[in-house]
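As a plain string of letters, each chain reads:
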Amino acid sequence: MWGCYLPRASWGPGLGRALQPADERIPFLIHWSWPLKGQNPIGPPRAFIRHYGSSAGSGPPSERHGQLFRGIAAAEAIQRHRRNLAEWFSRLPREERQFGPSFALDTVHVDPVIQESTPDEHRPPAELALEHQPPSAGLPLLALSQLFDPDVCGRRVQTVVLYGTVGTGKSTLVRKMVLDWCYGRLPAFELLIPFSCEDLSSLGPAPASLCQLVAQRYTPLKEVLPLMAAARSRLLFVLHGLEHLNLDFRLAGTGLCSDPEQPVAPSAIIVNLLRKYMLPEASILVTTRPSAIGRIPSKYVGRYGEICGFSDTNLQKLYFQLRLNQPDCGHGAGGVGVTPAQRDNLVEMLSRNLEGHHQIAAACFLPSYCWLVCATLYFLHAPTPAGQTLTSIYTSFLRLNFSGEMLDSTDPSKLSLMAYAARTMGKLAYEGVSSRKTYFSEEDVRGCLEAGLKTEEELQLLHVFRRDALRFFLAPCVEPGHQGTFVFTVPAMQEYLAALYIVLGLRKTTLQRVGKEVAELVGRVGEDVSLVLGIVAKLLPLRALPLLINLLKVVPRVFGRVVGKSREGVAQAMVLEMFREEDYYNDDVLDQMGASILGVEGPRRHPDEPPEDEVFELFPMFMGGLLSAHNRAILAQLGCPIKTLDALENAQAIKKKLGKLGRQVLPPSELLDHLFFHYEFQNQRFSAEVLGSLRQLNLAGVRMTPLKCTVVAAVLGSGRHALDEVNLASCQLDPAGLRTLRPVFLRARKLGLQLNSLGPEACRDLRDLLLHDQCQVTTLRLSNNPLTAAGVALLVEGLAGNTSLKHLSLLHTDLGDEGLQLLAAQLDRNQQLQELNVAYNGAGDAAALALAKAARKHPSLELLHLYFNELSSEGRQALRDLGSTTEGGARVVVSLTEGTAVSEYWSVILGEVQRNLNSWDRTRVRRHLELLLRDLEDNRGATLNPWRKAQLLRVEGEVRALLEQLGGRGS
């Protein structure tokens with residue numbers, strides 16, 4: 001099976017020489033991954049899964065293979081060339097390593113749709129318009145194996161031009177075709193020579209022959225260069241990325257040349273190959289962006305093919321199934337990762353969302369966005385590689401698709417494609433965020449694209465961007481009620497581009513623009529003017545001149561303050577967006593992103609209902625992430641540098657605003673968002689200063705996925721100050737999450753882990769926590785977790801070596817008699833415990849009495865909770881009698897009463913029942929409450945004290961209210 005889609009990347013020189021390490025930037029189509037086995041790397045590869053056509057034949061290589069290169073030396077040279085190409089194209093990029101150590105790009109591949117087109121379709125439109133047109137009807141679809149088939153008139157096709165916008169999969173198809181040839185599955189060609197047009201353009205006008213170009217890049221082919229002309233149509237040249245070359249087909253611009261050994265400019269070699277004047281029988285495959293199609297006159301092209309991406313939803317589903325169902329993908333270093341059941345669930349939910357939510361299907365029309373969806377899902381659900389952030393995924397995604405290439409190679413400004421997108425699409429994105437809208441009319445888009453156009457060159461750049469990359473960022477809206485509008489391809493891309501627009505300093509007010517020009521002008525002439533005025537002031541007694549000199553010095557400082565105020569305003573807007581009270585009770589941003597990809601379970605909002613206010617909580621996260629050093633380095637490669645000084649000043653402004661608004665108590669989901677911002681920023685010193693006042697970490701009810709545990713541990717694990725309380729109740733934690741969060745637990749004094757379904761295996765991690773020499777936990781709440789007696793056996797080991805714990809709650813943890821007996825036998829090994837709660841554990845009289853006796857003998861234990869256990873009336877009386885002795889020791893709480901009086905702990909008991917009413921066994925709780933109610937009634941009848949009667953009646957009323965909620969005896 002053969003590699004999934006990987007977005008656009010560039011090629012470069014050096015093929016055939018020593019290979020670079022995979023971590024270095026290799027400019028030849030990125031590091032593809034193909035496993036080479038033993039001494040025969042061109043041997044049988046893994047089985048292929050193919051869909052929608054293939055460049056490969058179904059059988060072994062043809063017997064005709066090798067007819068031209070019969071000599072032993074020539075055949076060996078071709079084999080070495082195949083091995084070198086296969087190894088070069090099989091390098092795995094860094095961005096793919098997140099999918100697991102055994103992930104390989106050759107495991108899956110889905111061909112995008114290729115539709116034959118005509119030269120008339122390539123003419124630019126007469127007026128500026130957004131082009132979101134489906135493929136033309138009536139023209140055939142092409143498989144790779146059909147590219148060089150005869151045309152409809154029966155003529156042989158020698159030159160094929162494949163074109164597609166950014167992200168449609170041009171590089172993937174080239175890689176697939178080259179590797180098919182390397183493994184003998186392209187028998188129509190005996191020799192394949194790929195060229196990167198970006199590589200050729202870097203050579204400039206320096207003359208070189210075709211043979212020199214081939215020999216420099218493919219050393220093994222030196223021996224077969226004289227046979228190239230004899231190969232005729234069995235020789236295939238692949239010219240990838242024609243938009244990087246400025247070709248001139250006029251005879252006055254590029255002379256004729258038919259000799260492959262004559263040195264001429266590289267562009268002249270390409271022109272003569274395409275003219276069929278040099279090696280006229282050779283086959284040529286060209287890939288390019290739509291704006292560069294016209295650089296080759298149509299008379300030299302035998303067939304045009306438009307790469308249409310995944311225009312069929314079934315292709316999208318197949319892509320996700322193949323990539324997300326890799327057997328070893330998503331596993332971390334510790335072997336813990338996404339289970340097969342979880343992968344199946346992700347695929348099923350994503351498939352349902354593709355069927356019911358047509359906007360995500362429109363986004364996945366581009367194969368590159370399918371890659372982004374998979375990368376985001378693995379980020380959200382699989383163990384996160386160290387240092388990986390959501391911002392880095394989006395920045396790497398843009399690097400894979402744009403790779404720092406220029407918008408138009410013929411333009412002297414050499415403006416990068418990503419810089420142009422940040423200026424235009426970033427402006428549209430930020431205006432949408434500031435006005436809280438995600439749907440844009442054509443006028444909105446035109447306004448941002450055409451803003452500031454003054455010259456013919458600027459209009460030409462806009463034309464190129466509109467044809468090549470506009471569809472990458474914007475998609476037509478297909479939601480009911482919004483037809484005719486446009487949305488960003490994925491919602492998070494709008495917030496990313498808006499943040500990029502801000503951190504690049506592209507948002508400027510009129511005062512800033514005018515002030516900057518004035519300040520620069522004054523700065524240029526200020527020194528000279530000051531010098532002249534100083535001389536004049538000495539010759540003439542003019543008192544106003546010193547004032548003018550000082551004013552000239554003040555102007556740049558005033559402009560600097562204006563810029564500083566602007567940064568503070570941006571920071572203020574970002575912080576206010578992060579702490580909007582309207583968003584306090586929605587899901588955290590990570591769950592929101594998962595829901596946007598996988599869909600929301602349950603009924604959907606009716607289309608006629610008024611729309612909810614748009615939420616842009618990722619915008620501040622991306623702003624913080626783009627200021628990190630790692631992302632700034634990648635953006636510099638894309639032609640969007642962020643100066644270190646600007647990043648520092650922006651960070652200072654953000655820290656100032658966060659320091660004021662970040663001290664307020666936040667709901668759990670908003671607190672996690674705040675921590676996620678710091679995780680994206682990747683600056684521990686910044687986070688330590690801003691979060692230095694945080695004393696309570698309340699994330700109760702937040703579903704703590706592996707990613708969220710990593711976020712919390714990375715941000716708070718390295719802090720020095722203690723946390724008064726860490727509340728992680730009902731967070732769906734597992735043992736892996738406990739291990740990830742241990743650095744945070746070591747800083748906590750009160751630790752709440754109730755309602756997390758933690759089993760005996762989690763007690764091993766809790767034991768290690770208690771035995772850690774830096775543990776300072778004084779209160780540990782483990783109630784409502786199925787720890788069982790096996791878990792308690794591990795916990796008592798931790799209690800024996802711990803010196804900080806004073807309060808331990810094991811309420812409703814399925815201990816049974818065995819668990820209480822274990823506690824009774826080992827309790828004396830801990831000398832600091834003050835309170836132990838083992839209520840509602842199904843223990844009988846003997847175990848409860850044994851634990852109570854051990855508690856009475858304990859030197860520090862003050863309180864033991866035993867209520868709601870399976871105690872008989874005799875057992876309860878025995879425990880009461882034990883507590884009534886005058887020997888001192890721990891108080892034992894088994895009921896709402898103590899003798900004929902109300903227990904001082906009655907509110908504690910009923911409070912626990914009220915909190916857990918929905919999670920406990922209602923029948924069992926009702927039975928216990930009825931026993932308590934009978935006990936209260938008996939004691940009320942046995943006492944003559946009116947004050948005690950009143951107290952007993954009050955507690956009876958509370959118990960009756962709980963019974964009514966349970967549907968039991970309330971009167």
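Residues numbered from 1 in each chain as written. Predicted model: local features only at pLDDT ≥ 70, side-chain atom pairs only at ≥ 80, totals over all residues. Heavy atoms only, no water.

Draft legend 1. Layout of the overall build of the chain. Check the secondary structure of the chain and you find 35 helices and 19 strands. Per-residue burial over the chain gives 54% buried out of 971 residues. Here the chain has roughly 41300 Å² of accessible surface; of this, 53% comes from carbon and sulfur atoms. (Helix = DSSP H or I, 4+ residues; strand = E, 2+ residues; numbered from the N terminus. Buried < 20%, exposed > 50% of the residue type's maximum accessible area, 1.4 Å probe, protein only. Areas by Shrake-Rupley, 256 points an atom, 1.4 Å probe, with all protein chains shown as cover.)

Draft legend 2. Structural detail: helix H7 (residues 313-324). The terminal C-alpha atoms of H7, which comprises twelve residues, lie 16 Å apart, in line with the 16 Å expected from a rise of 1.5 Å per residue. Among the twelve residues in H7, nine count as buried, and that is most of the element. Within the sequence span of H7, burial applies to Leu315, Gln316, Lys317, Leu318, Tyr319, Phe320, Leu322, Arg323 and Leu324. Where H7 is buried, its residues touch strand S1 (113-117), helix H8 (340-356), helix H9 (358-363) and helix H10 (367-381). (Expected span 1.5 Å × (residues − 1). Contact = heavy atoms within 4.5 Å.)

Draft legend 3. Spotlight on the pairing of strand S5 (residues 235-240). Most of S5 is tucked away: six of the six residues are buried. Residues Leu235, Phe237 and Leu239 line one face of S5 and the alternating positions Leu236, Val238 and His240 line the opposite face, and both faces are buried. By the bridge criterion, six bridges tie strand S4 (residues 191-196) to S5 in an arrangement that is parallel. Residue pairing for S5: Ile193 is matched across the bridge by Phe237. Looking at chain direction, S5 and strand S6 (residues 283-288) are connected through five bridges and run parallel. Across the sheet, residue His240 finds its bridge partner in S6, namely Thr287. (Pairing = 2+ DSSP bridges.)

Draft legend 4. Spotlight on the pattern of salt bridges. Scanning the entire structure with this criterion turns up 40 salt bridges. The partner of Glu431 in a salt bridge is Lys427, with the nearest N and O atoms 3.1 Å apart. Pair noted here: Glu431 and Lys427 are both in helix H12 (residues 417-434), with a separation of four residues, about one helical turn. Given a relative accessible area of 34%, Glu431 falls into the partly exposed group. Here Lys427 falls in the partly exposed class, since its relative accessible area comes to 24%. The residue Arg927 makes a salt bridge to Glu870 at a minimum N-O spacing of 3.3 Å. With Arg927 in helix H34 (residues 922-942) and Glu870 in the loop between strand S16 (863-865) and helix H32 (873-883), this pair connects stretches of sequence that are 57 residues apart. (Salt bridge = Lys/Arg side-chain N within 4 Å of Asp/Glu carboxyl O.)

Draft legend 5. Main features of the sheet that holds strand S3 (residues 159-163). If you trace the seven strands from one edge of the open sheet to the other, you get S2-S1-S7-S3-S6-S5-S4, paired in mixed fashion. The open sheet has two edge strands, strand S2 (141-142) and S4, and neither has a second partner. In the sheet, S1 pairs with S2 via two bridges, with the strands oriented antiparallel. In the sheet register, Gln115 faces S2, and the bridge partner there is Leu141. This element, helix H2 (residues 170-182), spans S1, S3, S4, S5, S6 and strand S7 (303-309) of the sheet and lies at about 150 degrees to S4. (Axes fitted to C-alpha atoms, helices over the stretch in contact; angles between N-to-C directions.)

Draft legend 6. Structural detail: empty space enclosed by the protein. Taken as a whole, this structure holds eleven cavities of 30 Å³ or more when the rule is applied. Size it by volume and the largest cavity reaches roughly 130 Å³. Contributing to the lining of the largest cavity are 13 residues, with Arg876, Val894, His928, Leu931 and Leu932 lying nearest its centre. Of all the secondary structure elements, the ones that give two or more residues to the lining of the largest cavity are H32 and H34. Element by element, the count of residues in the lining of the largest cavity is highest for H34, at four residues. Classifying every residue of the lining of the largest cavity by side-chain character gives seven nonpolar, three polar and three charged. Quantified by volume, the second largest cavity comes out at close to 70 Å³. Around the second largest cavity, the lining residues are Glu243, His244, Arg289, Ser291, Arg295, Glu405, Met406, Leu407, Asp408, Ser409, Val464 and Asp468. When grouped by side-chain class, the residues that make up the lining of the second largest cavity number three nonpolar, three polar and six charged. (1 Å grid on protein atoms, 1.4 Å probe; cavity = no way out; pocket = protein on both sides within 12 Å on 5 of 7 lines; lining within 4 Å. Points joined across faces, edges and corners; volume = space filled by probe spheres on them. Nonpolar A, V, L, I, M, F, W, Y, C, P; charged D, E, K, R; others polar.)

Draft legend 7. Local environment of the nonpolar core. If you look at the biggest cluster of nonpolar residues, it comprises 181 residues, and the most contacted ones within it are Tyr394, Phe465, Leu753 and Leu866. Excluding residues that lie within four positions of it along the chain, Phe465 makes contacts with Leu407, Leu417, Tyr420, Ala421, Thr424, Met425, Leu449, Leu470 and Phe473. (Core = buried A, V, L, I, M, F, W, Y, C linked by side-chain atoms within 4.5 Å.)

Draft legend 8. Molecular detail of the environment of Cys197. Note on placement: Cys197 falls in helix H3 (residues 197-202). Here Cys197 falls in the buried class, since its relative accessible area comes to 0%. Spatially, the C-alpha atoms of Cys197 and Val238 are 9.7 Å apart, while their sequence positions differ by 41 residues. Beyond its immediate chain neighbours, meaning those up to four positions away, Cys197 contacts Leu239, His240, Gly241, Leu242, His244 and Leu245.

Draft legend 9. Molecular detail of the pairing of strand S11 (residues 723-727). Sheet topology note: the strand S10 (residues 696-698)/S11 ladder contains three bridges and is parallel. Across the sheet, Leu697 pairs through a bridge with Val726, a residue of S11. Pairing of S11 with strand S12 (residues 748-752) involves four bridges; the strand directions are parallel. Across the sheet, Val726 pairs through a bridge with Leu751, a residue of S12.

Draft legend 10. Structural view of the sheet that holds strand S14 (residues 807-809). The parallel open sheet is built from eight strands, whose spatial order is S10-S11-S12-S13-S14-S15-S16-S17. With one partner strand each, in any of the chains shown, S10 and strand S17 (891-893) form the two edges of the open sheet. Averaged over all pairs of adjacent strands, the angle between their axes in this sheet comes to 10 degrees, without regard to strand direction.

Draft legend 11. Looking closely at the packing of aromatic side chains. Applying the stated rule across the entire model yields 27 aromatic pairs. Ring geometry for Tyr319 against Phe320: centres 5.7 Å apart, planes inclined by 90 degrees, an arrangement best described as edge-to-face. Take Tyr319: its relative accessible area is 1%, and that puts it in the buried class. Judged by its relative accessible area of 2%, Phe320 is buried. (Phe/Tyr/Trp six-rings, centres within 6.5 Å; stacked < 30°, edge-to-face > 60°.)

Draft legend 12. Inspection of helix H20 (residues 618-626) at higher detail. For H20, a buried count of nine out of nine residues is recorded, marking the element as mostly surrounded by other parts of the structure. Taken as a whole, H20 has its buried residues at Leu618, Phe619, Pro620, Met621, Phe622, Met623, Gly624, Gly625 and Leu626.

Draft legend 13. Spotlight on the packing of helix H16 (residues 491-503) against H20. Two elements in contact, H16 and H20, have axes separated by 8 Å at closest approach and are oriented at 50 degrees. The pairing of H16 with H20 is recorded here as oblique in orientation. The handedness of the crossing between H16 and H20 is right-handed. Where H16 abuts H20, its residues Ala492, Glu495, Tyr496, Ala498, Ala499, Leu500, Ile502 and Val503 lie against Leu618, Phe619, Phe622, Met623 and Leu626. Grouping the constituent residues of the contact of H16 with H20 by class yields twelve nonpolar, no polar and one charged. (Parallel < 35°, antiparallel > 145°, perpendicular 65-115°, else oblique. Left-handed = near helix turned anticlockwise from the far one by under 90°.)

Draft legend 14. Examining the confidence of the model for the chain more closely. Residues with a pLDDT of 70 or more make up 78% of the chain, whose mean pLDDT is 80. The low-confidence segment residues 510-519 (pLDDT under 50) makes 14 contacts with residues lying over four places distant or belonging to another chain. (pLDDT = per-residue confidence, 0-100.)

Draft legend 15. Highlighting unusual backbone geometry. The backbone of Ser757 sits at a positive phi, close to 55 degrees, despite the residue not being glycine. With respect to the helices and strands, Ser757 occurs in the loop between S12 and helix H28 (760-771). Here the phi dihedral of His812 falls at roughly 55 degrees; this positive angle occurs in a residue that is not glycine. Its location among the elements puts His812 in the loop between S14 and helix H30 (816-826). In this structure His812 comes out as buried when scored by relative accessible area, which is 18%.

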